[in-house]
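Examination of the molecular architecture
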Amino acid sequence: MFSILEQKNDKKWPKYQQAVCVRHAFKYYGPTRKPNHVLSSLHMTVAKGTVYGLLGASGCGKTTLLSCIVGRRRLDKGHVYVLGGKPGKKGSGVPGKRVGYMPQEIALYGEFSIRETMMYFGWIFGMETAKIIDRARFLLELLELPGQSSLVKNLSGGQQRRVSFAVALMHDPELLILDEPTVGVDPLLRHSIWNHLVHITTETGTTVIITTHYIEEARQAHKIGLMRNGRLLAEESPAVLLTRYDCQSLEEVFLKLSRKQRSDDTTADTSNNISLATTKTSDLAKASKTAEEETDSPEPPDSVATEDVVISIQPNSDGGTAAQVLKIKPEERRRDSCCCGITSWGKTKALLQKNFLRIWRNVGMMLFMFALPVIEVVLFCWAIGRDPKDLHLAVANSEMDWRTKECPVYTNCTQSKLSCKYLDALPKDTLILDYYENVGAALDAVRRGHTWGAVHFAADFSDSLFARTHLGGTADNATMEHGEVQVWLDMSNQQIGLMLVRYLQTAYGDFKRDLLVRCGRNPKLGDLPVTFNEPVYGNSNPTFENFVAPGVILTIVFFLAVAHTTSSLITEQTEGLLDRSWVAGVTTTELLFSHVITQLLIICGQAALTLVFMLVVFRVECKGRTGLVIVLTLMQGLCGMCYGFVVSAVCDRERDANQLAMGSFYPMLLLSGVIWPVEGMPKVLWYVSYCLPLTTATTSLRSILSRGWGLLDDGVYLGFVSTALWILLFLSLSMAIFKYKNG
């Protein structure tokens, strides 16, 4: 570790005379050609054990600067040193419990009570429960907060900001960074807060950096920095600034400096000369380079004592400054400067409690997670795969009187009114026969959408049917045509059209076999010369429900996990909750691990409900081992959760995350073989389909349910292997993106 220290007479806190030092800081956003410079060659020095007031209008770069100090963002150029080290470096303790951070947003969990909020952050900071309770009692009294059982979401805006302030003070940090903590606070309470800040800097050596819109209240700070357009215009004590610029208020000073900055062409030189006595750039760069070379060298074994590299800036004989590389011996270090001191168990306990409390107290989320899968299964089993009912079919039967609709069905071997016998063989619970005078009227009913098809029997249908049967190939065309059932269907609805074709063909086979039996003939004469034996897998009358069910089970579990994971992480991110936890020392691995544990329990509940209703209540066919079905379903839920991590890592806004999740839902549903076989797609889409996480798993589950295959069969174990690989890929990708975005 290394820091930059300025020479200062401070007998009470001699070791770390500079808590924060920023040199040549540049930060910009947007395209490289036309970047938006938020920080421009900024220099900042915060002495140990002081209150530093950072003042400036909204948009001047204050919040960005604070984010860089706590390690949430990285500078594009320049250096930041905090408490003897670089933020984010191993052992620096920043982010971690050495820093107390209050962001500009409330950044609290609305479902938590005040006590639960204190417990959560106290555990994150590694505090004992008893100490958290004592500290919370003191802060509640100091900040005049209501009872500990009050939910944060039920507090006023000012009270919520005070709770946020209390969280930053909870663990008595070395460095306290407060982004506008007194907004909306009663003037008397604001005065009390400032007194407490001055008190802790004097008694414990705590360093406080505070931003505020109330410029005049910053008079109580030991030093203030006036910031505009990404630069510090001045950095001095309030008294010195008022005297130097002959002003009655700090607001007048700020106004004078702003005008001067606008009129001065050499803004950088001006801001540097006004703000502080700076080092010569060449000396500082040389010292910084030397320090980095020493610290970047391989670390010695644990048995060898190491030293901290320090850049000390001291005045020289010509009135300037010089930078010198010094070293601090191990025994001179602050005892917690190399370790954050937070046990993984404390953070895990806090994160798990946070996840479960947020779910338990959110009724809408509970219904979404546990009622929705049941509703989806019920709707699927009721609405999909069942045979259509009450289908109207127009009948123009010239063999009967259409007005009386009398159509006798003879039980003996007779060739009279065979059309009536055929119509009697049609399924009565499915088809409704509407009789019409002639074929033209029947076809007109189909065209108007009144019926799904029209059936016509010629006046000599029975005679012609017997004739074509006995004459065979010698029958003329008229006899052949009159002995046929003429059918016209509405095929605009393919499923209904194909269903009618099946009904009409099956009814003809039943009619012919029954007639042959009554006439003493072999009924097999009525069958096609193709024998369909007992199926190897499945049954002779397969249903669309059994085909689609495996994909529906996995799709429900997969995308419910995606939706909940994405919603949880994006909400925390947009409300500033995720940033606050990261600044407190929560790592990406710990965060994802806590969500994995939480989601695993939720997925178990969702999978149990889905499978019970699908396999037990609605009796979807399951010929394989139930254990394999359960394991594969749970793995797909975990896969969906990890995909949700990726969506959350890529997207910063909930709207973008929802669009990405929904945009990927339909391609996966259509291309994964859930509702139509992959073999029915163009060859190009085959390769796309098998590159999706649901495809192989759906095939595997279908083999277990319909074929009864075991784990070692090719069509089964590939689904498990594929799902496991997707889980590892999504989890690794999400961790890499989170770490990249968080520096």
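Read on for a plain summary of the structure. Here the structure is a predicted model, which means the values were calculated and not measured. (Residues numbered from 1 in each chain as written. Predicted model: local features only at pLDDT ≥ 70, side-chain atom pairs only at ≥ 80, totals over all residues. Heavy atoms only, no water.)

Our focus in this paragraph is the overall build of the chain. Counting its regular elements, the chain contains 24 helices and 16 strands. Put simply, 73% of the contacts in the chain that link residues at least 6 apart link residues at least 24 apart. For the chain, the accessible surface area stands at approximately 35,600 Å², while carbon and sulfur atoms represent 56% of it. (Helix = DSSP H or I, 4+ residues; strand = E, 2+ residues; numbered from the N terminus. Contact = heavy atoms within 4.5 Å. Areas by Shrake-Rupley, 256 points an atom, 1.4 Å probe, with all protein chains shown as cover.)

Looking now at the packing of helix 2 (residues 114-124) against helix 4 (residues 157-169). Here helix 2 crosses helix 4 at 30°, and the two axes come no closer than 10 Å. If you check the angle between helix 2 and helix 4, you find them roughly parallel. In the crossing of helix 2 with helix 4, the sense of the turn from one axis to the other is right-handed. Where helix 2 abuts helix 4, its residues Ile114, Thr117, Met118 and Phe121 lie against Val163, Ala166 and Val167. Here the residues of the contact of helix 2 with helix 4 sort into six nonpolar, one polar and no charged. (Axes fitted to C-alpha atoms, helices over the stretch in contact; angles between N-to-C directions. Parallel < 35°, antiparallel > 145°, perpendicular 65-115°, else oblique. Left-handed = near helix turned anticlockwise from the far one by under 90°. Nonpolar A, V, L, I, M, F, W, Y, C, P; charged D, E, K, R; others polar.)

Turning our attention to the state of the cysteines. Applying the stated criterion across every chain yields a total of two disulfides. Across a sulfur-sulfur distance of 1.4 Å, cysteine 407 and cysteine 420 are joined as a disulfide pair. An S-S torsion of about -100° defines the bridge between cysteine 407 and cysteine 420 as left-handed. With cysteine 407 in the loop between strand 13 (391-397) and helix 12 (418-425) and cysteine 420 in helix 12, the pair connects residues that are 13 residues apart, well separated along the chain. In this pair, the class of cysteine 407 matches that of cysteine 420, namely buried. (Disulfide = S-S within 2.5 Å. Buried < 20%, exposed > 50% of the residue type's maximum accessible area, 1.4 Å probe, protein only.)

Summed over the entire model, instances satisfying the criterion amount to 19 aromatic pairs. Centroid distance phenylalanine 558 to tyrosine 643: 6.2 Å. Interplanar angle 25°. Geometry classified as stacked. In this pair, phenylalanine 558 sits in helix 17 (residues 544-574) while tyrosine 643 sits in helix 20 (residues 626-650), placing the two residues 85 residues apart along the sequence. Each member of the pair, phenylalanine 558 as well as tyrosine 643, is classed as buried. Plain terms: the ring middles of tyrosine 643 and phenylalanine 730 are 5.2 Å apart, the flat faces sit at 50° to each other, and that makes the pair tilted. In this pair, tyrosine 643 is assigned in helix 20 and phenylalanine 730 in helix 24 (residues 714-741), connecting sequence segments 87 residues apart. Here tyrosine 643 matches phenylalanine 730 in class, with each residue buried. (Phe/Tyr/Trp six-rings, centres within 6.5 Å; stacked < 30°, edge-to-face > 60°.)

This paragraph deals with the pattern of salt bridges. Enumeration over the complete set of coordinates arrives at 16 salt bridges. Here glutamate 236 ties to arginine 244 by a salt bridge, and the two come within 3.9 Å at their closest N and O atoms. Arginine 244 gets classed as partly exposed once you look at its relative accessible area, which sits at 44%. For glutamate 590, the salt bridge goes to lysine 347, with nearest N and O atoms at 2.9 Å. A residue pair is termed long-range when its members are at least 10 positions apart, and glutamate 590 in helix 19 (residues 588-617) and lysine 347 in helix 10 (residues 344-360) qualify at 243 residues. (Salt bridge = Lys/Arg side-chain N within 4 Å of Asp/Glu carboxyl O.)

Another aspect to go through is the nonpolar core. Ranked by internal contacts, the top residues of the largest apolar core, which has 128 residues, are Leu178, Leu197, Leu226 and Met614. Residue contributions to this core peak at 14 residues, all from helix 17. Setting aside residues no more than four positions away along its own chain, methionine 614 makes contact with Val377, Phe380, Cys381, Ala549, Val552, Ile553, Arg619 and Val620. The next biggest cluster of nonpolar side chains, apart from the first, holds 29 residues, and it includes Met44, Val80, Leu83 and Leu175. (Core = buried A, V, L, I, M, F, W, Y, C linked by side-chain atoms within 4.5 Å.)

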